Amino acid sequence: MSGLTHLTAHALSDLLRKKEVKAVEILDAAFSRIRAVDPAIRAFLTLMEETARKQAASADERIARGQAGPLTGIPVALKDNLCTRGTRTTCASRILGNFVPPYDATVVSALDKAGAVFVGKTNLDEFAMGSSTENSAFQITRNPWDTERIPGGSSGGSAAAVSADMCAVALGSDTGGSIRQPAACCGIVGLKPTYGRVSRYGLVAFASSLDQIGPLAKDVRDAALILDAISGKDPADSTSADIPVPSHAAALTGDVRGLRIGIPKEYFISGMDPEVEKAVRDAVDVLRRLGADIREVSLPYTPYAVAVYYILATSEASSNLARYDGVKYAYRAGRPSDLLDMYMKSRAEGFGAEVKRRIMLGTYALSAGYYDAYYRKGQQVRTLIKQDFDRAFENVDVIATPTAPTPAFKVGEKTADPLQMYLSDIFTISVNLAGIPGISLPCGFSSGNLPIGLQLLSKAFDEPTLLRAAHAYEQSTEWHKAKPPCAKEGAGP
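Residues numbered from 1 in each chain as written. Predicted model: local features only at pLDDT ≥ 70, side-chain atom pairs only at ≥ 80, totals over all residues. Heavy atoms only, no water.

**Q** Give a detailed account of the sheet that holds strand β7 (residues 260-264), specifying residues and quantitative values.
**A** The strand order across the open sheet built from eleven strands is β1-β3-β2-β4-β6-β5-β10-β11-β9-β7-β8, with neighbouring strands paired in mixed fashion. This sheet does not close on itself; its edge strands, each paired only once, are β1 (44-47) and β8 (293-297). Each adjacent strand pair in this sheet contributes to an overall mean axis angle of 30°, direction not counted. Relative to β8, β7 runs parallel, the two being bridged by five bridges. The partner of Ile263 across the bridge, within β8, is Glu296. (Pairing = 2+ DSSP bridges. Helix = DSSP H or I, 4+ residues; strand = E, 2+ residues; numbered from the N terminus. Axes fitted to C-alpha atoms, helices over the stretch in contact; angles between N-to-C directions.)

**Q** I'd like a rundown of the pattern of salt bridges, residues and numbers included.
**A** Counting across every chain of the model gives 24 salt bridges. Lys218 is paired through a salt bridge with Asp165; the nearest N and O atoms lie 2.8 Å apart. Of this pair, Lys218 sits in the loop between β6 (212-217) and α7 (220-230) while Asp165 sits in the loop between α5 (156-163) and β4 (169-174), and the two are 53 residues apart along the sequence. We note that Lys218, like Asp165, is buried. Salt bridges sharing partners connect three or more residues here, namely Asp28, Glu49 and Arg53. (Salt bridge = Lys/Arg side-chain N within 4 Å of Asp/Glu carboxyl O. Buried < 20%, exposed > 50% of the residue type's maximum accessible area, 1.4 Å probe, protein only.)

**Q** I'd like a rundown of a nonpolar patch on the surface, residues and numbers included.
**A** Taken together, the side chains of Tyr364, Tyr370 and Tyr374 make up a nonpolar region of the molecular surface, amounting to roughly 290 Å² of accessible area. Residue position: Tyr370 is located in the loop between α11 (353-366) and α12 (372-392). Residue classification places Tyr370 among the partly exposed positions, given a relative accessible area of 34%. (Patch = residues over 30% accessible without salt bridge, like charges linked within 9 Å, V, L, I, M, F, W, Y side chains within 5 Å. Areas by Shrake-Rupley, 256 points an atom, 1.4 Å probe, with all protein chains shown as cover.)

**Q** Let's hear about the pairing of strand β9 (residues 398-402): which residues, and what values?
**A** Counting buried positions along β9 gives five out of five residues, so the element sits mostly inside the fold. In this structure, β7 lies alongside β9, joined through two bridges in parallel fashion. Within β9, the position partnered with Gly262 by the bridge is Ile399.

**Q** Which residues make up the nonpolar core, and what values go with them?
**A** Counting residues in hydrophobic clusters, the biggest one holds 145 residues, and the most contacted among them are Leu111, Phe127, Phe389 and Leu456. A total of nine residues in this core trace back to one element, the largest contributor, which is helix α2 (residues 23-41). Excluding residues that lie within four positions of it along the chain, Phe127 makes contacts with Cys91, Ser93, Ile95, Leu96, Val204, Phe206, Leu321, Tyr324, Phe351 and Val355. Among the nonpolar cores identified, the runner-up in size contains five residues, and Cys185, Ala408, Phe409 and Met421 belong to it. (Core = buried A, V, L, I, M, F, W, Y, C linked by side-chain atoms within 4.5 Å. Contact = heavy atoms within 4.5 Å.)

**Q** Help me get a handle on the pairing of strand β5 (residues 189-192), residues and values and all.
**A** In β5, alternate side chains face the same way, and those of Val189 and Leu191 on one face and Gly190 and Lys192 on the other are all buried. The pairing of β5 with β6 spans two bridges and is classified as antiparallel. Pairing of Val189 across the sheet is with Ala217, part of β6. Note: β5 against strand β10 (residues 438-445), three bridges, orientation antiparallel. Across the sheet, residue Gly190 finds its bridge partner in β10, namely Ser440.

**Q** Pulling in residues and values, what's your account of the environment of Gln455?
**A** Turning to its location among the elements, Gln455 is positioned in strand β11 (residues 451-458). Put simply, Gln455 and Gln387 are 68 residues apart on the chain and 20 Å apart in space, counted from C-alpha to C-alpha. Look past the residues within four positions of Gln455 in its chain and what remains in contact with it is Arg180, Ile399, Ala400, Thr401, Pro402, Thr403, Phe427, Thr428, Val431, Ile439 and Ser440. For Gln455, the side chain forms a polar contact with the side chain of Arg180, separated by 2.7 Å. (Polar contact = N/O pair within 3.5 Å; in protein donor to acceptor, adjacent residues only side chain to side chain.)

Following this line, the structure appears as C-alpha cells:
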C-alpha cells in the first residue's frame, strides 16, 4: 500500500485495527523508505531489521487476537544513547563504538511491551553534547528540509527520521533542548516531559539532573500516545516520580477557552530572527482567537541560564564520563606503557573534541578552589530560575516562547565558534534547569522555507494542560501537515 510512511502513528493504528494493513507491510514500507532516503539524510547509525521483523510478526499476531494497543505495529526509531539488549549502543562516540548492552532501557522495554517495532538507532551529537548533530564520531545528519543545513541536536537523527517519514515516531533525550530544538529545525513535534515523569534507566548519562527522555512525532496526538506508554515510576530509577500518570491522549480536547497563557518578555530578544518572532507572535494570536487569555509574564533570571547550564551540565558530564577509562568496557588504546598511559590514551583517542571540551570545563568547575565560585553558585542561580517559573505559574497555566532563535543553520556554520553554537539552546535550557515540561510544535516557515517552532511550557507534571494547548493550536493550523522535499507524497514508499 503506497503512502504508509507518510501517516501518523494513530492513523496507522486505525488501519491496523481495521485489518486494512498488516504490521509487516508497514515495516516493509518503512525499510524501503529508509533505503531510498537515508543515504542523503544519514539519520540512522544502526538498523534493527531482524529485531523489527520479529516484532512486526508478533504485532500481527496480537492484532489478530484483538489485543492491539495504540502503538502495536508502529515503526519507532531510538536515539543511540538508549540501551538496547543485543544491539550496539554507541552514543555516536568511538569510545562506545562496539558496546552491546546486556539489557534494555526501561523506555525501550515499555515500547516493546506496547507492541512497537524498532527500525533502528539514530545518530546524535556525541554523548548528546551538541545542537547540530555535527559532533557525531560517525556521520553528520542532514535536515530533510535542506540537506545543506543541520537537523538540530542532539536528537538530530531521531528528528530527521520522523520528518523524512522513515519512521512514525522516535525517542530522543533532552538535557538542554535536545528534543525540542531539533523538532523545531525539522518541522515536527518534540516533547520534553517533566524531570522524573519518565525513567532514565538505560539512558547513557550526560547530566543526570537534567536528562529526560521524550518523543519526537508528526503530531501532538502521537507524542501523547508515546508519553502514555513510557511514563511512570520505575524501581530501577530512584529519580523517577511516584506520581499517578493520567491519560495524556485523553487531554486532547481541542478547547483552550479561558486557559491563561503567559508571554515572557525575556524570550523576545535582540538578535533573534525577525521571521521567528513574527511566526511565534502569530501563533499566540491563534491561541487568543481560540479563547485563551494572553498575559505578559517575567522570567528575570533567564539571561543567566546559558552560563548556569554550561557549568552544571559540564560538571555532571565530567563525573559521568569518568567511567570511560578503558578498563572494564568500551574503547581501550593499544600498547599503553602503564595504567595512567592507558587512561590518557583511551580517553584522548575515544572522545571527540566537544566532549573533551565539556569534560575539561566541568572538571575545572568542580576542582578545589573553584567549586564554590562556579558549581555552588550555579546551583544557587538554578534555584532562582526555578523560582521564576514557580511565580509565573501562579498567574498562568502555560508559557509560550520561540523554541530556537533562528531556523536551522548551515552545516559547518557554527562549528568554529562553540559559544554561538551554545546559544542555539538559549530558549530551551531554562526548562531543564527548572525540571518542567516543554513541547515544540511547528508554527510557520522562514522565507527560505525552513520550519519555525513554537515552544509551550507548563508547571511540573502538568503535561495534560501542555498537550491540550499544543493540540488546540495544531488543529487550528496546517503547519504540521507540511512535508519536506524528500517526503512529499509520491517521493518513495
